[in-house]
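# Results of the structural survey
The lines below spell out each chain.
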Amino acid sequence: AVVGRAQEPAVRRSKIWSEVEPLLELLRGALPAVEVTRDELEGLWLALVSELATPEEVAGDALQDLWHGAAKDGVVPKELPSMKGWVPLSEVYVTGSHDLASYGRAAGLLVVTLDEHTLPLWLEQGAQNLTNVLRPQWEGPAGPDVLLVSVFPELAEVMNTEFIEKALCQPVKGLTILVAGQPQNGCCLMWGGRLLVDLEQLAAIPRVERLKALLQELAPLGWLRCSREEALRILGDDKMEQLRSRVRAGATLAERLLLAVGQRAEPLLKALGNLASLDFIRNAEPLELARLVLAHLGPATLVMLRDVLEAEGLKPPGRWNTAQARAFVASLGFPEEFALAAEARREPEELVSGPIPLPPLHDFQEEVLENVKDLLAAASGRRRAVISLPTGAGKTRVTVEAAVQFVLRPNGSRRRVLWIAQTDELCEQAVQAFRQVWINLGAQDTNLRVVRLWGGNPDPATGDPKQPVVVVATIQTLTNRLSSAKLTSLEKPGLVVLDECHHAIAPSYTKVLRWFHADSPKPDEAEEQEPPILGLSATPFRTTEEESRLLARRFDHRLFPSDQKGLHERLLARGILARVTTEPLESGFAPPEDLLETLFLLSEKGEGVEFERQLEMLNELLARDQDRNKMLIERIKMAEEKSVLFFANSVLHAEEISARLNLEGIPSAPISAETPVTARRYFLDQFKQGELRVLCNYTVLSTGLDAPKTQMIVIARQVFSPVRYMQMVGRGLRGPKNGGTESCRIVTVLDNLGQFQDRHPYHYCQKYFGNTENNVARSIANPR
C-alpha cells in the first residue's frame with residue numbers, strides 16, 4: 001500500500017521524492033517479509049503531508065493527488081497549513097467545485113477542492129462542507145429553466161451528447177454569492193442541479209474568461225466530453241475566434257457572407273451554378289454577388305459553401321441541423337435557420353391533439369360533406385367520386401373534415417386514411433389540414449397519428465390497430481414501397497384520397513389501385529375489398545376528350561357537388577373566390593417556323609412525350625430572349641401589386657429573372673425542383689409573410705402552394721394545356737372570405753406562335769373564364 005500510494009503524482013513532484021524513492025526500492029525488495037501496521041501507514045501519509053503541504057499549494061489545489069492517494073488508505077490530514085499557521089481539520093472547508101472554492105478563499109476561508117471519492121471521507125473526519133456557509137442570491141424572480149445550449153450554443157461542441165438536449169440553466173439578474181455572510185459578485189454557479197447564469201455579468205467579461213467560468217461549473221458534473229482544459233482549447237481557439245469575429249462584424253448578411261468566403265468572387269460564382277454563365281452576373285461586384293447568393297440559396301447558403309468556409313479557417317460543423325451547427329452560424333452572425341441541413345427532412349410522424357377554434361364550413365362544403373357521408377355509407381358497389389371545387393374554395397379542408405368525421409373519429413377496424421399527392425408541398429398542406437381539423441373535431445382524448453411517407457422518410461412502423469392513422473405519401477414514394485411488409489396494413493384503409501386526381505389515369509396510379517384490388521375498369525366489376533376512393537381536383541379533365549373520358553370512368557362519372565353549373569359565379573359573388581382581371585402581354589418573339597411546325601404535327605398526332613420535349617425546347621428559346629426578359633422585368637417593376645408569383649420558362653430563367661429583380665431592389669427568390677428543400681420552404685414562408693415581393697418558380701408551384709395573398713400572377717411559360725394553365729391561374733383565385741384577396745391580376749405572355757396562336761389556353765380560358773373549370777369539369781359527370 002505504501003509503495004503504491006507513495007507514487008501518486010503529487011508525491012513524485014515533491015522535493016523529498018529523491019529521499020523517498022530509495023526507501024521504496026528497499027521496501028519492494030523486502031515486501032514479502034514486511035508487514036505495515038495501520039499506524040505506520042497513517043504515519044507515513046501524515047509525514048508526507050507535513051513535508052509537502054504549504055499554504056500556497058493547499059490554496060492552489062496542487063495536492064489533490066496526495067489527498068486522493070491518502071484517502072485510498074483511509075487517511076485524512078489532522079491539520080493543514082494556512083497563511084495564519086496550521087489549522088485543525090474542523091476549520092477546513094471542502095467542496096467539489098473549483099468555482100465554489102474560489103468564492104470561499106476570497107472570503108478568507110481555508111478551502112480544499114476534492115474529488116467525489118475523497119470528499120465524503122474528509123467530511124466524515126470533521127471537515128466543514130463549504131455549501132453550508134455559501135448560498136446564491138439575485139434580484140427579482142429567476143427566469144424559467146431553459147436549455148443550456150440554447151443560451152450558449154457553442155458549448156454543444158464540447159458537451160456529451162446525452163446532455164446537449166437536457167442540460168438546463170436558469171437565467172437570473174444581479175447574481176451574488178454569500179460566503180459566511182460576505183457578498184461576492186458571481187456570473188454563474190451550479191446550484192440545486194441547475195446552472196444559475198447572470199447573462200449581463202457574463203456578457204461583460206472577455207469571451208475566454210466567460211468560457212472558463214462556464215466550463216468550471218460543467219466539468220464536475222460530467223457534462224463535458226473532454227477535460228476542461230481541452231474544452232477551453234477547442235472553444236477558445238484564438239485564430240478561429242478572430243476569423244469568426246471578423247465575419248460577425250459585417251453590417252449586413254451579404255457583407256458577412258463576403259467576409260466568410262475571403263472577399264473572393266470565385267466561390268460565390270460557383271455557388272450560383274449555371275446562373276454564373278450570364279454576363280450581368282460575371283460582371284457584378286463581389287458584394288452584389290453575395291446578395292444574389294443569399295437570394296438564390298437562402299438558408300442553404302452556408303451548407304453549400306461549407307468547403308470554402310473550412311478553407312478559410314472558420315471550422316464549420318461536420319453535420320448540420322445540430323446544436324453545433326446552430327453555435328457555428330450564431331458565431332458568424334447568421335440567423336438560426338442557416339444551421340439547417342440543405343435537404344432537411346420533415347419529421348416522419350407526429351401526434352396531434354386539441355382543440356382550438358376552427359372556422360365553419362361554407363354551405364357548398366357542407367353539401368360535399370353530406371355527399372361523402374352517403375358515399376361511405378353505401379353498402380355495396382364501388383364507392384368513388386371526385387370532389388371538384390374551384391381553386392381557393394377549400395377542397396382539402398372539406399375532404400379532411402369528411403375523413404376525420406366518418407373514418408378516423410368513429411371506433412372501428414379501418415381507422416386509416418391514405419392520402420396520395422404529387423409533391424412535398426401538397427403532402428405537407430394535407431398534413432397541416434389534418435392537424436387543424438383533428439385538434440377541433442377529433443375523438444376525445446385520442447391522438448391522431450400522422451405519417452409523412454415521402455422525402456426519404458422510413459416506412460411507418462406497425463402501431464396500435466385501434467389508433468386512428470393518416471399516411472400522407474407522394475405517389476413516387478408509395479409506388480416504390482408497395483412491396484414493403486410494413487405497408488401491408490394500408491392495403492385495406494378506410495379511405496383513399498388522390499389529390500390532383502387529373503393525374504389518376506397515369507400508370508403509377510393504376511399500379512397503386514391494383515395494390516388495393518381496385519383496378520377493375522367498371523363499377524359492376526368492383527371487388528368487395530376495394531376501399532372508398534375520393535379524387536380532388538379543380539380541373540378534373542385532361543387535354544384530350546379520350547383521356548377525359550378515361551378519367552371520368554375511373555371515378556364512375558360522379559362529382560361532388562353534383563350541381564357544378566354556375567358554381568364558380570356563385571362563389572365569386574360571395575367573395576369566396578377572387579375577381580380575376582386578365583391581361584395579355586405581347587412579346588413579339590417569333591420562334592423558328594420548323595419548331596412550331598413540329599409542335600403542331602405532334603399535337604395533331606397526340607404524341608405527348610415528344611411534344612413535351614419540343615415544348616421545353618421552345619421555352620428554353622423564350623427564356624434566352626433578352627428583349628422579352630427586359631419587358632417582363634419592366635412589367636413587374638411597374639406593377640402596384642405587393643405579391644407577385646412568376647411562372648418562368650426554365651430553371652435558369654427563374655434564377656435570372658429573380659437575380660435581375662434583386663439587382664433592381666425588388667426582393668425576389670427563385671424556386672425549382674433543384675432548389676434545396678430547406679431554401680424552398682424558407683422562400684415560401686417569406687413570400688407568404690410579405691418579406692419577398694416576387695417568387696420566381698419553374699413548374700413546382702402550379703399546385704400545392706398556399707399563398708392566399710397573391711395579388712398578381714405573371715405567366716411567361718408557354719403551355720398548351722388548359723389544365724396546366726388553370727392550375728397556374730388558380731394560385732390567385734382565393735377570395736377574401738377564404739383569407740385571400742378581392743382581386744388578382746393574371747398577366748399572360750403571348751408570343752408569335754404561328755398555327756398555335758389561337759390555341760393558346762389564354763384564349764380558351766378568357767372566353768369561358770368565369771366558369772371554365774366547371775363547364776369542362778361537367779364532362780366527368782356527363783361524358784360524351
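Note: the structure precedes this text.
A brief structural summary. For clarity, every value in this text was computed on a predicted model and none was experimentally measured.

## A short note on the side chain of Thr 477
One can find Thr 477 in helix H25 (residues 475-481). Among the residues examined, Thr 477 registers a relative accessible area of 12% and is labelled buried. If sequence neighbours within four positions are ignored, Thr 477 has contacts with Leu 453, Trp 454 and Gly 455.

## Brief notes about the packing of aromatic side chains
Tallied over the full model, the rule gives 7 aromatic pairs. Consider the rings of Trp 320 and Phe 328, whose centres lie 6.1 Å apart with planes at 80°: the pair is edge-to-face. An identical accessibility class is assigned to Trp 320 and Phe 328; each is buried. Above the plane of the ring of Phe 280 lies Arg 660, whose end atom (NZ or CZ) is 3.8 Å from the centre.

## Let's talk about the pairing of strand S23 (residues 668-671)
Burial along S23 is two-sided: Ser 668 and Pro 670 and Ala 669 and Ile 671, pointing in opposite directions, are all buried. Alignment of S23 against strand S24 (residues 694-697), held across 4 bridges, turns out to be parallel. Looking at the pairing, Ala 669 lines up with Leu 695 of S24. For the handedness criterion, the β-α-β arrangement of S23, helix H33 (residues 677-688) and S24 is classed as right-handed.

## A look at the pairing of strand S26 (residues 743-750)
The buried fraction of S26 is high, at 7 of 8 residues. Where strand S21 (residues 579-586) and S26 come together, 8 bridges link them in parallel fashion. Bridge pairing in S26 links Pro 584 to Thr 748. In the sheet, strand S25 (residues 712-715) pairs with S26 via 4 bridges, with the strands oriented parallel. Residue pairing across strands places Ile 715 opposite Thr 748, the latter belonging to S26. In terms of handedness, the path from S25 via helix H34 (residues 722-729) over to S26 forms a crossover that is right-handed.

## Re the environment of Glu 425
Mapped onto the elements of the fold, Glu 425 is located in helix H24 (residues 424-441). Sequence spacing of Glu 425 and Leu 684 is 259 residues, and the spatial spacing of their C-alpha atoms is 9.9 Å.

## Description of the sheet that holds strand S4 (residues 111-113)
Note on sheets: strands pair through backbone hydrogen bonds, and any given pair is parallel or antiparallel. Reading across the sheet, the 3 strands line up as S4-S3-S5 and stay open at both edges, with parallel pairing between neighbours. The strands lining the two open edges of the sheet, one partner per strand, are S4 and strand S5 (128-129). Sitting on the sheet, helix H7 (residues 98-106) touches strand S3 (93-95) and S4, and the angle it makes with S4 is about 170°.

Thresholds, definitions, all that
- Residues numbered from 1 in each chain as written.
- Predicted model: local features only at pLDDT ≥ 70, side-chain atom pairs only at ≥ 80, totals over all residues.
- Heavy atoms only, no water.
- Helix = DSSP H or I, 4+ residues; strand = E, 2+ residues; numbered from the N terminus.
- Buried < 20%, exposed > 50% of the residue type's maximum accessible area, 1.4 Å probe, protein only.
- Contact = heavy atoms within 4.5 Å.
- Phe/Tyr/Trp six-rings, centres within 6.5 Å; stacked < 30°, edge-to-face > 60°.
- Lys NZ or Arg CZ within 6 Å of the ring centre and 35° of its normal.
- Pairing = 2+ DSSP bridges.
- Right-handed = clockwise from strand over helix to strand, strands pointing away.
- Axes fitted to C-alpha atoms, helices over the stretch in contact; angles between N-to-C directions.

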